[in-house]
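Analysis of the macromolecular model
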Amino acid sequence: MKNIVIGQFVPGSGFFYKLDPRTKIMAIIVLMVSLFLLKTMTQLLVALAIAVILLLIGKLSIVRIVKGLKPIFVLLIFTFFFQIFFNKTGALWLDQTMSLNWLSAGAIVLATVLWRVLARWKVGGILPFLIYLGLLYVSLSYLSYGSTWTSFQFQIYEKGVEMSVFVVIRLLIIITLSTVLTLTTKPTDLTMGMEKLLRPLKFIGINSEEFALIISISLRYIPTILDEANKIMLAQASRGADFSQGKLKEKVKQVISLLVPMFIIAFKRSEELADAMESRNFVPGKPRSRIYDLVFGMNDIVAFVISAGLLAAAITIQVI
Amino acid sequence: MSKLEINDLSFTYTGKRMILKNIQLQIQKGEWVAILGHNGSGKSTLAKCIVGLLEPQSGSVVVDDMVLSHKTAYEIRKKIGIVFQNPDNQFVGVTVRDDIAFGMENLGIPKDQMISSIDFYAEKVGVKEMLDKEPSTLSGGQKQRVAIAGILAMHTDVMVFDEATSMLDPYARNELMQYIQELHQEGMTILMITHDIEEALYADRIVVLKGGEVHLDASKEEALRQTERMTEAGLELPVSLRILNGVTNLDPSWKEYLWASTFDK
Ligand SMILES: Nc1ncnc2c1ncn2[C@@H]1O[C@H](COP(=O)(O)OP(=O)(O)OP(=O)(O)O)[C@@H](O)[C@H]1O
Ligand SMILES: [Mg+2]
């Protein structure tokens, strides 16, 4: 529970820290649109290079960003294989007959056990996983003994590989951009920025100030609620529950026994919080003064020019 | 000059069981009143009625000749602030600074004034170094002090504490009581809800609630001599006081002396 780092502000003083949150939010939207305009691998690699240059200019540690990517590693792998399996255009690069039989099934089971045992010994991560995938490939392709239960063709096409690399790089850039935003912007500034940007929504009856307040209260309570979940889990573990083991049915039971008290506590909490807010004269919809003010500076103009320039470049490339 | 009057106030949540029955209280400016009572005696309900979070079925709350109603609640909450029991459930801001600002923002106080108020009151309750900290990094006592600063910044002159120290460790509890004593010395009217008699010893006056009724309302010295009345309300006096109350054949001047030294808070 403790290693959730997505969206964590880290104090610092680079270029991105000096930008107004509104600028950052707008720039990210502009850059994402530009990114989706790109069509070829070369263009995307240029974009990746620009992203890295931006990180360097902002004096952001690339190691830190890469570390921040860890939680979405599974998503990246999934995206990668999804493209490889389902995109069947272009030249056929690999056509491998795979079969499931006593030997290959046994090897797969063995490999899986090995991989999980290693993971339990904290030898997790990318390398063991890739080796595991390699073992799966070898077992299915080359091991055969006795009768074949079922067999299928494993095919990789040129375009499939190209697309999967393309999509994964694009996803990486998008996540890097949003990590830059959350890494360099205080939650208060972020919500303040959103509040101001969403102000025009008043015309369709959405009060951006209340919306921002809801978001900032949610942000404020995330650590408290995680803490609480931890405490409840500890309490239940002390009564013999084991969240890491057990059959599916047991697990479902345990999750329910975690969720029910959490909901009850959350309801009580929200009621008390509402009382506390009201007693401090909070009246929904009533105009409030704000302790934070946002002002655009010289840096913001620079950022605007850069992101607008990149968008213009992306559009131009597509038109030509 | 805030005078708080509770006139013949009755309240029920369900319409069936009366939680507060004809409560009659007059609290003078600058007084420190402890409201004592067993669990479920209606203390929190009374506190919520006083700050207008609950609307009584009959009777009224009057602050400085202003009768509490939907129309006046906003004005009255500028005068009366409340600190609740759970430090975590009243911290609205993402940081300490935000949280102290929250009430002032609601009152529409200009930014510059807010900044200087925040500095002043954060200093006063000893959280000046923590202005940029997030609530999850603060202790319970620190959170309660932030809540106090946020209320002080609204310039209230009555403060209600609903078991505000009960979730704190003894050290943080003492520390908080020191701050409250300071506020009292500066003229703040204090209404301290508690079921801890030790805490009530700080007060000038003790009001005991039992089953939603005022069971006892007297000066601290008066109230603490009434061992029986206290026991009836499910409250147990500290051992020293019980012994003193029980001793009958002691020279009155000696007894006075011992009493006085017990109250020497
Ligand atoms: N929201 C509610 N709806 C219905 N009944 C309630 C509600 N809140 C409290 N009560 C009931 O009102 C009675 C008085 O509750 P109250 O919280 O005022 O007591 P208290 O003196 O503050 O107790 P404690 O020492 O436990 O804080 C209790 O019997 C309680 O069950
Ligand atoms: Mg209570």
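What counts and what doesn't
- Residue positions are given per chain, counting from 1 as you read along its sequence in written order.
- By the order in which they are written, chains take letters starting at A while ligands take numbers starting at 1.
- Whole-chain, interface and lining totals are the exception, using all residues; otherwise, since this is a predicted model, local features are given only for residues with pLDDT of at least 70 and side-chain atom pairs are given and counted only at 80 or more.
- Excluding hydrogens and water, the side-chain figures rest on all heavy atoms present in the structure.
- Helix and strand definitions follow DSSP, with helices as H or I runs of at least four residues and strands as E runs of at least two, each counted in order from the N terminus.
- Only C-alpha atoms enter the radius of gyration, while the globule expectation follows 2.2 Å times N to the 0.38, with N the number of residues.
- Each residue's exposure class comes from its accessible area (1.4 Å probe, protein chains only) as a fraction of the maximum for that residue type: buried when under 20%, exposed when over 50%, partly exposed otherwise.
- The accessible surface values rely on the Shrake-Rupley method and a 1.4 Å probe; as for residues, cover is taken only from the protein chains in view.
- In this charge count, Lys and Arg are treated as positive and Asp and Glu as negative; neither His nor the chain ends contribute.
- Charge placement uses NZ in Lys and CZ in Arg. For Asp and Glu, CG and CD serve respectively.
- A contact between two residues is defined here by any heavy atoms of the two lying within 4.5 Å.
- Domain segmentation is taken from an automatic or database assignment of domains.
- Buried area counts how much accessible surface, traced with a 1.4 Å probe, disappears from two parts once they are put together, with both parts' losses summed.
- The term polar contact refers here to a pair of N or O atoms within 3.5 Å; inside protein, the definition further demands a hydrogen-donor-capable atom paired with an acceptor-capable atom, and it admits residues adjacent in sequence only when both atoms are side-chain atoms.
- Three classes are used, and their members are as follows: Ala, Val, Leu, Ile, Met, Phe, Trp, Tyr, Cys and Pro are nonpolar, Asp, Glu, Lys and Arg are charged, and the others, Gly among them, are polar.
- What a helix is expected to span follows from its residue count: subtract one and scale by 1.5 Å.
- For every residue, the predictor states its confidence as a pLDDT score lying anywhere from 0 to 100.
- We treat two strands as partners when DSSP finds at least two bridges between them.
- Angles shown run from 0 to 180 degrees and are taken between the N-to-C directions of axes, each axis being a line fitted to C-alpha atoms and, for helices, limited to the stretch in contact.
- Any residue with at least one heavy atom within 4 Å of a molecule or strand is counted as near it.
- Grid points spaced at 1 Å and placed over the protein atoms alone form the basis of the search, with a cavity being a set where a 1.4 Å probe fits but cannot get out and a pocket an open set showing protein on both sides within 12 Å along at least five of seven lines. Lining residues have an atom within 4 Å of a point.
- Grid points are joined across faces, edges and corners, and a volume is the space filled by probe spheres set on the points.

1. Brief notes about the overall build of chain B
- Helices and strands together make up the secondary structure of chain B, namely 11 helices and 10 strands.
- Against the compact-globule benchmark of 18 Å for 265 residues, chain B has a radius of gyration of 19 Å, which places it among compact chains.
- Summarising its shape, the C-alpha atoms of chain B cover approximately 65 × 40 × 30 Å along the three principal directions.
- Within chain B, the fraction of its 265 residues that count as buried is 55%.
- Put simply, chain B shows about 11,500 Å² of open surface, and 49% of that area lies on carbon and sulfur atoms.
- Separation between the mean location of the 27 positive side-chain charges and that of the 38 negative ones in chain B comes to 4 Å.

2. Some thoughts on the overall build of chain A
- The number of helices and strands found in chain A is 11 helices and 2 strands.
- Since a compact globule built from 320 residues should have a radius of gyration of about 20 Å, the 25 Å found for chain A marks it as more spread out than a globular shape.
- Taken over the C-alpha atoms alone, chain A extends approximately 80 × 65 × 35 Å along its principal axes.
- Here chain A holds 320 residues, and the buried ones make up 34% of them.
- For chain A, contacts bridging at least 24 residues in sequence account for 85% of all contacts bridging at least 6.
- By element, 73% of the accessible surface of chain A is carried by carbon and sulfur atoms, the whole surface being about 19,400 Å².
- Charge centroids of chain A, computed over 32 positive and 18 negative side chains, lie 6 Å from each other.

3. Focus: the domain arrangement of chain A
Residue and element names in this part refer to chain A.
- Domain annotation for chain A reports domain 1 (16–101 + 147–319) and domain 2 (102–146).
- Contacts between domain 1 and domain 2 engage 15 residues on the former and 18 residues on the latter.
- Buried area between domain 1 and domain 2, summed over both chains or domains, comes out near 1,300 Å², and the portion from carbon and sulfur atoms is 58%.
- Our count for the contact surface shared by domain 1 and domain 2 stands at 6 residue pairs in polar contact (both at pLDDT 80 or more).
- If you list the elements that add at least two residues to the side of domain 1 that touches domain 2, you get α4 (73–86), β1 (92–101) and β2 (148–157).
- Element by element, the count of residues in the side of domain 1 that touches domain 2 is highest for β1, at 7 residues.
- Looking at the side of domain 1 that touches domain 2, its residues break down into 8 nonpolar, 7 polar and no charged.

4. Examining helix α1 (residues 21–37) of chain A
All names here are of chain A.
- In this model, α1 (17 residues) spans 25 Å end to end at C-alpha, consistent with the 24 Å of a helix rising 1.5 Å per residue.
- Residues of α1 that are buried: Pro21, Arg22, Thr23, Lys24, Ile25, Ala27, Ile28, Leu31, Ser34 and Leu35.
- In this fold, the buried residues of α1 make contact with α2 (41–57), α7 (158–184), α8 (187–197) and α11 (298–319).
- By the N-cap criterion, in which a side-chain oxygen at the helix start approaches the backbone nitrogen of a residue two or three places on, α1 is capped by aspartate 20, the distance to arginine 22 being 2.7 Å.

5. So, the confidence of the model for chain B
- This prediction gives chain B a mean pLDDT of 90; 96% of its residues lie at or above 70.
- With a pTM of 0.76, the predicted complex shows an ipTM of 0.89.

6. Quick word on the confidence of the model for chain A
All names here are of chain A.
- Mean pLDDT over chain A works out to 85, with 96% of the residues at or above the 70 mark.
- The least confident element of chain A is helix α3 (residues 62–69), whose mean pLDDT is 78; the most confident is α1, at 93.
- Counted against residues more than four places away or in other chains, residues 1–6, with its pLDDT under 50, gives 11 contacts.

7. With respect to the sheet that holds strand β2 (residues 20–27) of chain B
All names here are of chain B.
- The sheet built from 4 strands is open, its strands ordered β2-β1-β4-β5 with antiparallel pairing. Strand pairing shows two members of the sheet lacking a second neighbour, β2 and β5 (66–67), which therefore form its edges.
- Summarising the sheet, strand β4 (residues 58–63) and β5 pair through 2 bridges and their orientation is antiparallel. Paired with valine 62 across the strands is valine 67, a residue of β5.
- Against the sheet, helix α1 (residues 43–50) touches β1 (4–11), β2 and β4, its axis set at about 120° to β1.

8. Quick notes on the site of ligand 1
All names here are of chain B.
- Close to ligand 1 lie 13 residues, the nearest being Arg17, Gly40, Lys43, Ser44 and Thr45.
- Between serine 41 and ligand 1, the recorded distance is 3.3 Å, taken from a backbone N or O atom to an oxygen atom.
- Within the side chain of threonine 45, an N or O atom sits 2.5 Å from an oxygen atom of ligand 1.
- Surface burial for ligand 1 is 62%, taken as the share of its 630 Å² of free accessible area covered by protein chains.

9. Some words on empty space enclosed by the protein
- Applying the stated criterion to the full structure yields 3 cavities of 30 Å³ or more.
- What lines the largest cavity is a set of 18 residues, and nearest its centre among them are Leu213, Ser216 and Arg290 of chain A together with Asp98 and Glu105 of chain B.
- Within the residue set of the lining of the largest cavity, elements represented by two or more residues are α8 and α9 (208–238) of chain A together with α3 (96–107) of chain B.

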